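Remarks on the overall topology
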Amino acid sequence: MVAARNILMGLVIRHADAGEWPATLQALVDSGHLTAERIRNPRASDPAAGEFGWLYIRPSVAPGGAGGTRLVITEPAPEPWSDVVIAFEDGHVEVVNDRERYERLLAEARAEP
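Being a predicted model, the structure only gives us computed values, none of them experimental.

Considerations on the nonpolar core
In terms of nonpolar packing, the biggest core is built from 19 residues, with Ile7, Leu11, Leu25, Ile39 and Trp54 touching the most fellow members. Mapped onto this core, the elements with two or more residues apiece are helix 1 (2-18), helix 3 (36-39), strand 2 (71-74) and strand 3 (84-88). Counting residues in each nonpolar core, the second largest holds eleven residues, with Ile57, Val96, Tyr102 and Ala109 among its members.

What follows is the structure, given as structure tokens:
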């Protein structure tokens, strides 16, 4: 959860600095907001799974603009299913153990314009 919180805070600070969410997590490294070591997901068993072991879905709203319901970063869904860490645009991080909720939040984030 600490890695997700670090990434989320880096994203929010980057948004404050640039006026927009970065296009990728790599942009946080390139801009000097975080190091690759701080972004890398320590639970990711497959380094090719997502960017640094995370799925990042760039929001279209400012931090806090969706009332804390908009998923921004998550671990890829593990097989077999187990809990995943999800970070939201308002800054909070949760461990989700309900696969249906995870899939709904992910679908909603991907469907956002």
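Remarks on the pairing of strand 3
The element strand 3 is extensively covered by neighbouring structure, given that five of its five residues are classed as buried. In terms of strand pairing, strand 2 meets strand 3 through three bridges, oriented antiparallel. Bridged to Thr74 within strand 3 is Ile86. Sheet analysis places strand 3 next to strand 4 (residues 93-96), joined by four bridges and oriented antiparallel. For Ile86, the partnering residue across the bridge sits in strand 4 and is Glu94. Hairpin connection, strand 3 to strand 4: the antiparallel pair is bridged by four residues, and Gly91 has positive phi, about 105°.

With respect to the pairing of strand 2
Pairing of strand 1 (residues 55-56) with strand 2 involves two bridges; the strand directions are antiparallel. Considered in strand 2, the bridge of Tyr56 is made with Ile73.

Section: the side chain of His15
Note that His15 resides in helix 1. Assessed through its relative accessible area of 14%, His15 is described here as buried.

Quick notes on the packing of aromatic side chains
Geometry of an aromatic ring pair is reported as the spacing of the ring centres plus the angle between the planes. Scanning the entire structure with this criterion turns up one aromatic pair. Judged by centre distance (5.4 Å) and plane angle (50°), the ring pair of Trp81 and Tyr102 falls under tilted. One end of the pair, Trp81, is in the loop between strand 2 and strand 3; the other, Tyr102, is in helix 4 (residues 99-111), with 21 residues separating them in the sequence. Given the relative accessible area of 2%, Tyr102 is considered buried.

The rules behind these values
- Numbering of residues begins from 1 in every chain and follows the order in which that chain's sequence is written.
- Since the coordinates come from a predicted model, pLDDT governs what is reported: local features require at least 70, and pairs of side-chain atoms require 80 or more to be given and counted, while whole-chain, interface and lining totals use all residues.
- In computing side-chain properties, one takes all heavy atoms of the structure into account and sets aside hydrogens as well as water.
- What we call a nonpolar core is a set of buried Ala, Val, Leu, Ile, Met, Phe, Trp, Tyr and Cys residues that are connected through their side-chain atoms within 4.5 Å.
- For each residue, the accessible area found with a 1.4 Å probe, counting protein chains only, is set against the maximum for its type, and the residue is called buried under 20%, exposed over 50%, and partly exposed in between.
- Strands are runs of DSSP state E lasting at least two residues, helices are runs of H or I lasting at least four, and both sets are numbered from the N terminus onward.
- DSSP calls a pair of strands paired once it identifies at least 2 bridges connecting them.
- Only Phe, Tyr and Trp rings are paired, with Trp represented by its six-membered ring, and only when their centres lie within 6.5 Å; those with planes under 30 degrees apart are stacked, over 60 edge-to-face, the remainder tilted.

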